[in-house]
Amino acid sequence: MTKRQGRLHLNAFLMSVGHHEAAWRLPSADPFANTDIAYFQNLARIAERGKLDSLFLADSPVLWGEIGRRPSGALEPTLLLTALATATSRIGLIATASTSYNEPYNLARRFASLDHISGGRAGWNIVTTAGADAARNFNLDDLPAHRHRYERAAEFVDVSIKLWDSWDDEAPIGDKDAGVWGDTDKIYPAAHRGEFFQVAGALNVPRPPQGHPLLVQAGSSEDGKDLAARYAEAVFTAHQTLDDARAFYVDLKERTRQAGRDPEGIKILPGIVPAIGSTEAEALALEEELDRLINPEYARKQLATLLGVDPEDLPLDRQLPADLPDEDAVEGAKSRYTLVVNLARREKLTVRRLIGRLGGGRGHRTFAGTPEQVADAIEHWWRSGAADGFNIMPPVLPSGLEVFVDQVVPILQRRGLFRTEYEGTTLRDHYGLARPANRNPQLAAL
């Protein structure tokens, strides 16, 4: 393997009882864990024991899929992470929130609050949200066009940054003798008037401990990569092959450079779903057991929705039809559509086999092996220039996270690839990123 400087970044992507859609059917699983705070606090402590960079929670403002398929309904992530902040002291806390179905003022306030409560450990995964069902929950008849959603997202982030920077770090004084709590000359109203938003005042929360919460992005379409190049400090992505991951890595780093930013300031983290066993045969047996428990009819409906076809057009024991919609016509999750279609075509998978592959990680790379083999797979992609780290997506929780922390992390530590102790207190510290200076133009004019 080639030499590479630095260390891996590892996040724990938490999803109810595991990322495999059939994990809830295992005898050891609690099918109601998705609303159990104590359950998530336990997961957070396990991840922090492994010195992982952060916890990550996905989210969508819609009841996703059919509730017959897997545990459905999720706690709002910034609220859940606030509870997890009190159960931990170092691990980062990244929540997904949509720019399509929020307003900058409310969302900037929530993330500033989480950053204060956690002592500087908050991160925002910026998404535009695909799917007409979500749009119809927010007074819209249909999904806004893909480019429109990303144009709104860019302005949304700009406004959020203005709001976080609307307080000078030295605005709070707390001078009891003078009777002056804060310096009004160091408050800078957003005064924003744009295409999508008008925001007049300053935020009603002081500037976050990190300056800005860590900005994360998860879309891999052309528009998504352009948004990431402008703003993101970490990118969550999905790739099935090393070549695809490496091409994405090179492309996004170059886009970041062209956007006038240091490419080292953006960390690219593909997802990996590791089924881990004491032997390879044991890991494969776990993977096979989970795949046997998938309900194919539920899964076929979900696949049909992604592909924009009728479920009846997807016979389980045939390959995908040749006349699928063109990618350019897709207004939803463009990058995931392309990944799934390419996977099915490349490996000539039947719909049934494709469902099995997607059931483990929804398009993220699945891998079954021993702790040593999982560590090898992670190191190989990292050294090959395909990733700065990984989103760890255990197929079964909590056991899959426990075995990763207790058996895979020590191997990576012995190889000098991962920290043995936290070296800072904030999420930006974990990523090796500086606290951003206040960019408010009113401050710059002084």
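Use the structure listed above.
Residues numbered from 1 in each chain as written. Predicted model: local features only at pLDDT ≥ 70, side-chain atom pairs only at ≥ 80, totals over all residues. Heavy atoms only, no water.

A. Layout of the overall build of the protein chain. Along the protein chain, the regular secondary structure elements total 15 helices and 13 strands. A globule of 446 residues ought to have a C-alpha radius of gyration of about 22 Å, and the protein chain, at 22 Å, matches this closely. C-alpha atoms of the protein chain, sized along the principal axes, occupy 75 × 50 × 45 Å. A fraction of 76% describes how many contacts in the protein chain between residues 6 or more apart in sequence connect residues 24 or more apart. Total accessible area computed for the protein chain in this model is approximately 19200 Å², and 50% of it derives from carbon and sulfur atoms. Of the charged side chains in the protein chain, 51 are positive and 61 negative, and the gap between their average positions amounts to 3 Å. (Helix = DSSP H or I, 4+ residues; strand = E, 2+ residues; numbered from the N terminus. Rg over C-alpha atoms; globule rule 2.2 N^0.38 Å. Contact = heavy atoms within 4.5 Å. Areas by Shrake-Rupley, 256 points an atom, 1.4 Å probe, with all protein chains shown as cover. Lys, Arg positive; Asp, Glu negative; His and termini not counted. Charge placed at Lys NZ, Arg CZ, Asp CG, Glu CD.)

B. Fine view of the nonpolar core. In this structure, Leu52, Leu55, Trp124, Trp164, Leu401 and Phe404 are the most contacted members of the largest nonpolar core, which totals 79 residues. Broken down by element, the residue count for this core peaks at nine residues, all from helix H5 (residues 146–164). When sequence neighbours within four positions are dropped, the list of residues in contact with Phe404 reads Leu10, Pro274, Ile276, Val374, Ile378, Ile392 and Val409. One finds Ala238, Leu303, Leu324 and Leu354 within the second-largest nonpolar core, a separate group that totals 22 residues. (Core = buried A, V, L, I, M, F, W, Y, C linked by side-chain atoms within 4.5 Å. Buried < 20%, exposed > 50% of the residue type's maximum accessible area, 1.4 Å probe, protein only.)

C. Structural detail: the environment of Arg109. With respect to the element layout, Arg109 can be found in helix H3 (residues 104–118). Of the residues examined, Arg109 reaches a relative accessible area of 41% and is grouped as partly exposed. C-alpha of Arg109 to C-alpha of Arg207: the two residues are 98 residues apart in sequence and 9.9 Å apart in space. If we ignore the near neighbours within four places in the chain, the residues touching Arg109 are Leu203, Asn204 and Val205.

D. Broad picture of the packing of helix H2 (residues 77–85) against H3. At their nearest, the axes of H2 and H3 sit 9 Å apart, and the two run at 10° to each other. Here H2 is positioned roughly parallel relative to H3, judged by the angle of their axes. For the pair formed by H2 and H3, the contact residues are Thr78, Leu81, Thr82 and Ala85 on the first element and Arg110, Phe111, Leu114, Ile117 and Ser118 on the second. For the contact of H2 with H3, the per-class residue count stands at five nonpolar, three polar and one charged. (Axes fitted to C-alpha atoms, helices over the stretch in contact; angles between N-to-C directions. Parallel < 35°, antiparallel > 145°, perpendicular 65-115°, else oblique. Nonpolar A, V, L, I, M, F, W, Y, C, P; charged D, E, K, R; others polar.)

E. Geometry of unusual backbone geometry. Following Leu397, the chain continues into Pro398 via a peptide bond in cis, with omega recorded as 5°. Following the sequence through the fold, Pro398 ends up in the loop between strand E13 (389–392) and helix H13 (399–414). Of note in the backbone geometry, Ser16 takes a positive phi value of approximately 35° without being a glycine. Within the secondary structure, Ser16 sits in the loop between strand E1 (9–13) and helix H1 (37–49). With phi around 65°, Lys51 is a residue other than glycine that occupies positive phi space. Tracing the sequence through the fold places Lys51 in the loop between H1 and strand E2 (54–57).

F. Layout of the pattern of salt bridges. The full count for this structure, using the stated rule, is 25 salt bridges. A salt bridge links Asp406 to Arg49, with the nearest nitrogen and oxygen atoms 2.9 Å apart. Taken as a pair, Asp406 in helix H13 and Arg49 in helix H1 lie far apart in primary sequence, 357 residues in all. By relative accessible area, Asp406 is classed as partly exposed at 43%. Here Arg415 and Glu379 are joined by a salt bridge, their closest N and O atoms 2.7 Å apart. Placement of Arg415 in the loop between H13 and helix H14 (427–431) and of Glu379 in helix H12 (residues 371–383) is noted, with a sequence separation of 36 residues between them. (Salt bridge = Lys/Arg side-chain N within 4 Å of Asp/Glu carboxyl O.)

These figures come from the coordinates and say nothing about function on their own.
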